[in-house]
Amino acid sequence: MSKKVADVLWEMLAKAGVKRCYGIVGDALNPVVDALRRNGAIEFVPVRHEEYGVFAAVAEAYFTGNPVVVCGTAGPGVVHLFNGLMDARKEAAPIIAIAGDVESSIIDTSALEELNPYKFFEAASLYTARLVNPEQARAVINTAILTAVLEKGPTVLSIPGDVASADAPNQPTDFTIAAPAILRPSDTDFEKLVRMIDEAKTVAIFGGDGCREGRDAVVELACKLKAPVGYSFRGKQWLEHENPNAVGMTGLMGYGGAYNAIHEADLLLMLGTDFPFSEFLPGASVKKVQIDKNPKHIGRRTALDLGLVGDIKSTVNALLPAVREKTDGEFLARQIAHTESFHKLLQHYVQKGPAIKPIRPEFLAATLSELASDDAMFFADTGTACIWLARHIYGGKKRRLFGSFSWASMANAAPNAFGCALAYPGRQCIALTGDGGFTMLGMGDLLTQIERRTPVVQVILNNEKFDFVHIEQQEAGIIPFGVEFKNPNFAKVAEAMGAKGIRIDEPENVREGLAEALAYKDGPVVVDAVVDPLALAMPSHSPLHTVKGFTLSFAKQVLSGRLDTVIKEIERNVGIV
């Protein structure tokens, strides 16, 4: 019996290292999924919502480095893939989407569920192909795989059912995936960089996810230059732990001395970061060098004195023997002292947490960080969960932290944790999820976790509102509106569905409840943590427009008859910065 095009597809994907495919079957996709069943080498993970499956795949692909497949059938199913594919593009995760398509004979006739994949996926996909002839199979599948793996991002194969079930041409399906190339600046630019570093009295480093492979080299360079090291949210898990020069984050979630360090240095080295919040980066008073392997990142956030294309590991390894060691550690000591002072302030609600009701989210997150294993994997929903992850969940050599940090989609944490629970069996996978995010996407596919008895711990920040949006509205100087909603008892809902449910609404039960959740291994856990809806978290440096916005919002709330709310919010946040 001859191979079908769909057989060739899965054969090549298995050779590329694909272990799992997440999605929902149906009509146009049926021949493709039938071939997946015949193949047997790749696990199919049926989910209740395609978007949930993509978010699970993104986290798995990001951490393992292996390509992961997602699928959805023609039209509506394909549309549900889009948001997760945008996340994959922003987080640089190798995802290959198999999109069901209408029969090839009715393409471009406005058929039921027909969608033009080229137009629809243009923003999300690094490469999109419509497989309309079996002779294309090997070439387009090969291109989709290599683009996803080598360029680190999503690709899309749109396949009509009749083409998927057609006989495949007798062509070899072998291919090779090249190892990552060594990329460093030209000798001329490199020599200029060395001179700038040697001539600068003080140097600061601001690193991002691009430091992932070169983490040790960056820390060694910082020590040699007596340079404080700040980091973006995506850089936190690589540059925070076991780094004597770490000074925290800048931005609206910022903490520590990072803001001061990068603004007070003579020279700022921006390493592997595309930090998007330009208002927190220094101006012309600080010389700035940016090094990134992606040329499109160079200089788009701030004006530079030198922009270099290179991967961080090879470039910094070359720098280490080339630059002179600096001896004056006063600048570094000052930034470290600032960071330590801010950390003491961060502990205000952690230390007082056992006596404060409603539960302070700072206390909840810090206790979770303390109780979790050394190799735990944490995932945060976009919103205030990210603030508590940034400030109170501490990384480590084996710990991992992830979220929709660059796309900022809601509802990513639970599926992220699910994907990594499958990829890393035995490791604690913990989702710090908002109540809005969990009800949006996590609740439905809790059933998927239950069916597979996947031990994911979902800690819901139950404050009955879109908390981060509430803060954003206050920053903008407007009265919060449209952000509040009513929640069920999530623990009881989880128990009714077949998961373990734990409700924590008293601060004295936080430690015991979290410990129970982390110890449970027989399936998913939902921790319904009733937290203070008025908790705020101000950055270590607040732009003037943020301060003005809060002041104006409070004034408007008082004038509109909400004085009691304003007073409560102030009372409950006396210790914040």
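For the structure itself, consult the block above.
I will try to describe carefully the structure that is included in this document. A quick note: this is a predicted structure, and the numbers were derived from the prediction, not measured.

**Section: the packing of helix α3 (residues 50-64) against helix α5 (residues 82-91)**
Logical step 1: Contact geometry for α3 and α5: axes closest at 8 Å, N-to-C directions at 15°. When the axis of α3 is compared with that of α5, the two are roughly parallel. The element α3 and its partner α5 pack so that their crossing is right-handed. Taking contact as the criterion, the partners of Glu51, Val54, Phe55, Val58 and Tyr62 in α3 are, on α5, Asn83, Gly84, Leu85, Asp87, Ala88 and Glu91.
Logical step 2: When grouped by side-chain class, the residues that make up the contact of α3 with α5 number six nonpolar, two polar and three charged.

**Section: the sheet that holds strand β18 (residues 500-504)**
Logical step 1: The six strands are arranged β15-β14-β16-β17-β19-β18 in an open sheet whose pairing can be described as parallel. Edge positions in the open sheet fall to β15 (400-403) and β18, since each of these has one partner strand only. The sheet shows a mean angle of 20° between the axes of neighbouring strands, direction not considered.
Logical step 2: Examined bridge by bridge, strand β14 (residues 377-380) and β15 share four bridges and lie parallel to one another. For Met377, the partnering residue across the bridge sits in β15 and is Arg400.
Logical step 3: Sheet strands touched by helix α17 (residues 384-392): β14, β15, β16 (429-434) and β17 (456-462). Its angle to β14, the strand with the most contacts, is close to 145°.
Logical step 4: Helix α18 (residues 413-423) rests against β14, β15, β16 and β17 of the sheet, and its axis sits at about 170° to β16.

**Considerations on helix α1 (residues 5-15)**
Logical step 1: The element α1 is extensively covered by neighbouring structure, given that nine of its 11 residues are classed as buried.
Logical step 2: Listed as buried for α1 are Val5, Ala6, Asp7, Val8, Leu9, Trp10, Glu11, Met12 and Leu13.
Logical step 3: A positive phi of about 100° marks Gly17, the residue just after α1.

**So, the state of the cysteines**
Logical step 1: Tallying each qualifying case throughout the model produces zero disulfides.
Logical step 2: The cysteine Cys211 is free of any disulfide, with Cys223 supplying the nearest cysteine sulfur at 14 Å.
Logical step 3: Among the residues examined, Cys211 registers a relative accessible area of 0% and is labelled buried.
Logical step 4: Cys223 sits in the partly exposed class, given a relative accessible area of 34%.

**Considering the pairing of strand β11 (residues 267-271)**
Logical step 1: For β11, the buried fraction is high: five of the five residues fall into the buried class.
Logical step 2: Residues Leu267, Leu269 and Leu271 of β11 are buried on one face, and the alternating residues Leu268 and Met270, pointing to the opposite face, are buried as well.
Logical step 3: With five bridges connecting them, strand β7 (residues 203-207) and β11 associate as parallel partners. Residue pairing in the sheet places Gly207 in a bridge with Leu271 of β11.
Logical step 4: Examined bridge by bridge, β11 and strand β12 (residues 287-292) share five bridges and lie parallel to one another. Bridged to Leu268 within β12 is Lys288.

**Observations concerning the sheet that holds strand β6 (residues 155-160)**
Across a sheet, strands are paired by hydrogen bonds formed along the backbone, either parallel or antiparallel in direction.
Logical step 1: With respect to topology, six strands assemble into an open sheet ordered β2-β1-β3-β4-β6-β5, the strand pairing being parallel. Edge positions in the sheet fall to β2 (43-46) and β5 (127-130), since each of these pairs with one other strand and no more. The sheet shows a mean angle of 20° between the axes of neighbouring strands, taken without regard to direction.
Logical step 2: Sheet topology note: the strand β4 (residues 95-101)/β6 ladder contains six bridges and is parallel. By the bridge assignment, Ile98 is partnered in β6 with Leu157.
Logical step 3: Relative to the sheet, helix α7 (residues 137-151) contacts β4, β5 and β6, its axis offset from that of β6 by approximately 155°.

**A closer look at the packing of aromatic side chains**
Logical step 1: On inspection of all chains with the given rule, the structure shows 16 aromatic pairs.
Logical step 2: Residues Tyr62 and Phe63 carry aromatic rings whose centres are separated by 4.9 Å and whose planes lie at 80° to one another, so their mutual orientation is edge-to-face. In this structure, Tyr62 and Phe63 share a single accessibility class: buried.
Logical step 3: With 4.9 Å between their ring centres and 65° between their planes, Phe466 and Phe485 make a pair best called edge-to-face. Here the residue Phe466 occupies a position in the loop between β17 and α21 (467-475), and Phe485 occupies one in the loop between α21 and α22 (490-497), the gap between them amounting to 19 residues.
Logical step 4: Here Arg184 stacks its cationic end above the ring of Phe190, 4.4 Å away from the centre of that ring.
Logical step 5: Over the aromatic face of Tyr520 sits the side chain of Lys500, whose NZ or CZ is 5.4 Å from the ring centroid.

**Focus: the environment of Ala28**
Logical step 1: Counting through the fold element by element, Ala28 comes out in the loop between β1 (20-23) and α2 (30-39).
Logical step 2: Each C-alpha atom, one on Ala28 and one on Tyr394, is 46 Å from the other, the two residues being 366 residues apart in sequence.
Logical step 3: The contact partners of Ala28, leaving out residues within four places of it in the chain, are Thr73, Ala74, Gly100, Asp101, Ile159 and Gly161.

Rules and cut-offs
- Residues numbered from 1 in each chain as written.
- Predicted model: local features only at pLDDT ≥ 70, side-chain atom pairs only at ≥ 80, totals over all residues.
- Heavy atoms only, no water.
- Axes fitted to C-alpha atoms, helices over the stretch in contact; angles between N-to-C directions.
- Helix = DSSP H or I, 4+ residues; strand = E, 2+ residues; numbered from the N terminus.
- Parallel < 35°, antiparallel > 145°, perpendicular 65-115°, else oblique.
- Left-handed = near helix turned anticlockwise from the far one by under 90°.
- Contact = heavy atoms within 4.5 Å.
- Nonpolar A, V, L, I, M, F, W, Y, C, P; charged D, E, K, R; others polar.
- Pairing = 2+ DSSP bridges.
- Buried < 20%, exposed > 50% of the residue type's maximum accessible area, 1.4 Å probe, protein only.
- Disulfide = S-S within 2.5 Å.
- Phe/Tyr/Trp six-rings, centres within 6.5 Å; stacked < 30°, edge-to-face > 60°.
- Lys NZ or Arg CZ within 6 Å of the ring centre and 35° of its normal.

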